[in-house]
Structures are given as structure tokens and as C-alpha cells.
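Now for the letters of each chain:
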Amino acid sequence: MTHAPDTDRPPPAGVRRQRLRVGEPPARRLPGLSLALVLTLALPACGGGGGEDAPADAPVTETVSQTIAGEAVLPVGEANCGEAAMQTEATVRLSLLRAQAQSCGSRGSFAAAGVVRWSQQLYEAAQVHSLDMANRAYFEHDGPNGDTPAQRVSDTGYRYVRVAENIARGRSGAGGGVLDTAAAMQLWRDSPAHCANLMDARITEIGLACVVNRNKVRYWTLVLARPAS
């Protein structure tokens, strides 16, 4: 297979309403690390790729921006887990990965895909969710208040035709070190379902955020999307 799952196929176990949850474990599971993803498909009023219809009169909400540097959950200098080059590293690493065909295990083989660019709005959506998970010590795509990945993206004013989310948490990376940008990206690469999201040719923009809580657990959120034209 060369594409991420879509709604033309029979829905796998775990599908709920307008969200496709993929609970497939990573190829390698490491102590203290967790992974999850969610894929949401939607069509704007102007049309687009395959997925579920969004209401034609769905309102576009005002931009939501949340500054995490001043939150008590973060020690001084720990915004984005202290990784000043995260934006550049994330876009370069993912674009290099997509530049070559990849095998995503049970998800099949994916052809090379285009480069991705950074979106400040997707970053805001990712940041809000990582901060919430770190503050409340949970690890789910839906927040305790019922907010979904698609809703968080829409709350920034971003209009999309496709959106997906990968999350990860942990203190240690694949080599036993800190779960930094490179380690988080490698974990997603090694998980078939997460890899399929990374290699989805329809994705063109990303936003990545990391928040560390008082227990030094890092919560990562990667939002991937294609904007409505």
C-alpha cells in the first residue's frame, strides 16, 4: 500500500465518529516511552481530497495562541524542552525522510513525498496539547474537556483538508538519552502507523511542540496537515 488509511476502506477497530485511531504498537518498544497517533480527514466547502464532509457553514474561530514559557509546569529555559533549533531540525529531518521511499512495516511501502514547511498555527495547536498533557499528566489525543486534534487546529484559524497528529512521551530516547527532537522523530519512524503519517504525500505543513513537566517527562505533539486552498 502506498497511502495512509482513508475512509474508502472498511474502518479498522477503534474508529469513533469522525476520528480514525490507530493503536498499532511501534516496531520497537522502549521502557518509559509512549506513542500514539490520530488521523482526521475532512473536506472544506470548496472540496478536496478524500475524507469526511465538514459542514459547509462551519465557523472559522479566532486564533488561539498560548505562551508556555511562563507556565509553572516549565522550569526557566524549558520552553520547547530547551531545544532552540527544534523548528529547523523537525522540518529538515522530516523532509529528508520523505525524500526517499520508505517501508513502514505492516503499513506497507510509501513513495517519496514532498518537503514539508513549518506552520505557526499548527505549532500553536501542538503546543496547547503538549502543555495540557504535561500539566494534567495524561497521554491521549482528546483532552479531558473533550477537545480533539481537529478542534485544536481549527481553533487557531487554520483551515485544512487533512490533519493528523502523532504524540510521544518519555524521559529517555532510543539511545538511552533525552527524548529530544531526533529521538522523537525516530520513534515515530520506527512505528508503522506513525511512519505512515510521516510519509503521507498529502501532508505539506507541520507543527511540533515539546513540554516537560515537573517530573522531567517530555510530552511531544506533532501536528501534520494540508491547508485548504
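None of the values given here were measured: they were computed from a predicted structure.

Each value, and the rule that gives it
- Per chain, the residues get numbers from 1 upward, laid out in the order the sequence is written.
- Predicted model: local features are reported for residues with pLDDT of at least 70 only, side-chain atom pairs are reported and counted for 80 or more only, and whole-chain, interface and lining totals are derived from all residues.
- Side-chain metrics rest on all non-hydrogen atoms present in the structure, leaving aside hydrogens and water.
- Helix and strand definitions follow DSSP, with helices as H or I runs of at least four residues and strands as E runs of at least two, each counted in order from the N terminus.
- Between the first and last residue of a helix there are one fewer steps than residues, each counted as 1.5 Å, and that sum is the expected span.
- Buried means the residue's accessible area, taken with a 1.4 Å probe over protein chains only, is under 20% of the maximum for its type, while exposed means over 50%, and partly exposed covers the values in between.
- The contact definition used throughout considers only heavy atoms, calling two residues in contact when any of these lie within 4.5 Å.
- Each Phe, Tyr or Trp ring, with Trp reduced to its six-membered ring, pairs with another whose centre is within 6.5 Å; inter-plane angles below 30 degrees give stacked pairs, above 60 give edge-to-face pairs, and intermediate values give tilted ones.
- Any cysteine sulfur atom paired with another within 2.5 Å is treated as part of a disulfide.

Student: Where do I start with helix 2 (residues 120–136) in this structure?
Tutor: Residues lying three or four places apart along an α-helix face the same way, a consequence of the helix completing one turn every 3.6 residues. In a regular helix each residue adds 1.5 Å, so 17 residues correspond to 24 Å; helix 2 covers 24 Å between its end C-alpha atoms and thus fits that length. Of the residues making up helix 2, those classed as buried are Leu122, Tyr123, Glu124, Ala125, Ala126, Gln127, His129, Ser130, Leu131, Asp132, Met133 and Ala134. On its buried side, helix 2 packs onto helix 1 (86–98), strand 5 (117–118), helix 3 (149–154), strand 6 (160–170), strand 7 (205–212) and strand 8 (218–227). Residue Ala137 follows helix 2 closely and has a positive phi angle near 55°.

Student: Even after reading the chapter, I still don't get the packing of aromatic side chains, so can you show me in this structure?
Tutor: Taken as a whole and assessed by the stated rule, the structure comprises 1 aromatic pair. Relative to Tyr123, the ring of Trp118 lies with its centre 5.7 Å away and its plane at 40°, an arrangement referred to as tilted. Across the pair, exposure class does not vary: Trp118 and Tyr123 are buried alike.

Student: Got a minute to help me understand the state of the cysteines in this structure?
Tutor: Covalent bonding between the sulfur atoms of two cysteines defines a disulfide. This structure, assessed with the given rule, holds 2 disulfides. Disulfide pairing places Cys81 opposite Cys210 at an S-S distance of 1.9 Å. Taking the sign of the torsion about the S-S bond as the criterion, the disulfide between Cys81 and Cys210, at about -75°, is left-handed. Residue Cys81 is located in the loop between strand 2 (34–41) and helix 1, and its partner Cys210 is located in strand 7; the two are separated by 129 residues in the primary sequence. You'll find Cys81 and Cys210 in the same group, each marked buried. Across a sulfur-sulfur distance of 2.0 Å, Cys104 and Cys195 are joined as a disulfide pair. With the S-S bond torsion at -55°, the cross-link from Cys104 to Cys195 turns out left-handed. Note that Cys104 is positioned in the loop between strand 3 (102–103) and strand 4 (109–110) and Cys195 in helix 5 (residues 192–198), a separation of 91 residues in sequence. Residue classification places Cys104 among the buried residues on the basis of a relative accessible area of 2%. Regarding the disulfides, the protein carries the connectivity 1-4, 2-3 under sequence-order numbering of its bonded cysteines.

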